[in-house]
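# Summary of structural features
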Amino acid sequence: MSSKVQTNKAPAAIGPYSQATVVGNLIFTSGQIPLNPETGAMEGENITEQAHRVCKNLTAVLEAAGSSTDKAVKTVCFLSNMADFAEFNEVYAQYFTQKPARSCVAVKELPKGALVEVEVIAEKE
């Protein structure tokens, strides 16, 4: 049995999906892009600013589900330009201090022209 996660502290889903789903002791977040949860507008002009917003959004979703970035076991990161990899890593390391398993790939395009999108699998607290 699964349950859906919804919080106003992260952007509302912009499609037919939930912010996260909890199955047993695991939380599966949807990918977060740098949308401001209050305005719904893209936030950040560069990879550093956008990565911070994405990580803040993920933190809010995980907290709403009863977890935190410290409980992340796997992340999948999408960059629109692999040249942003080093700058992205600097921000990512501030939030995912436990170093979960990770994939990071470059993609042709992300929703709303975002530079980064990240999804997380985490354990509940």
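Refer to the structure presented above.
These lines cover the structure that appears in this document, whether it is placed above or below. Keep in mind that what you see is a predicted model, and the values were worked out from it rather than measured. Counting starts from 1 at the beginning of each chain's written sequence and moves along it residue by residue. For a predicted model such as this one, the threshold for reporting local features is a pLDDT of at least 70, and the threshold for listing and counting side-chain atom pairs is 80 or more; totals across whole chains, interfaces and linings nevertheless cover every residue. Working from all heavy atoms in the structure, the side-chain values ignore hydrogens and water.

### Concerning the packing of aromatic side chains
Stacked, tilted and edge-to-face are the three classes applied to pairs of Phe, Tyr and Trp rings, where Trp contributes its six-membered ring and a pair requires centres within 6.5 Å; stacked means planes under 30 degrees apart, edge-to-face means over 60, and tilted covers the rest. Summed over the entire model, instances satisfying the criterion amount to two aromatic pairs. Where Phe88 meets Tyr92, the ring centres are 5.6 Å apart and the plane angle is 45°; that geometry is what we call tilted. With Phe88 and Tyr92 both in helix 2 (residues 85–95) and four residues apart, the pair spans about one turn of that helix. Note on Tyr92 and Phe96: the rings are 4.7 Å apart at their centroids and 25° apart in plane angle, and the pair reads as stacked. An aromatic cluster of three or more residues is present, and its members are Phe88, Tyr92 and Phe96. Note on geometry: a ring has a charge over it if NZ (lysine) or CZ (arginine) is within 6 Å of the ring centre and within 35 degrees of the ring normal. It is Arg102 that lies over the ring of Tyr92; its NZ or CZ is 4.6 Å from the centre. Secondary structure is summarised from DSSP: a helix means a run of H or I of at least four residues, a strand means a run of E of at least two, and numbering begins at the N terminus for each.

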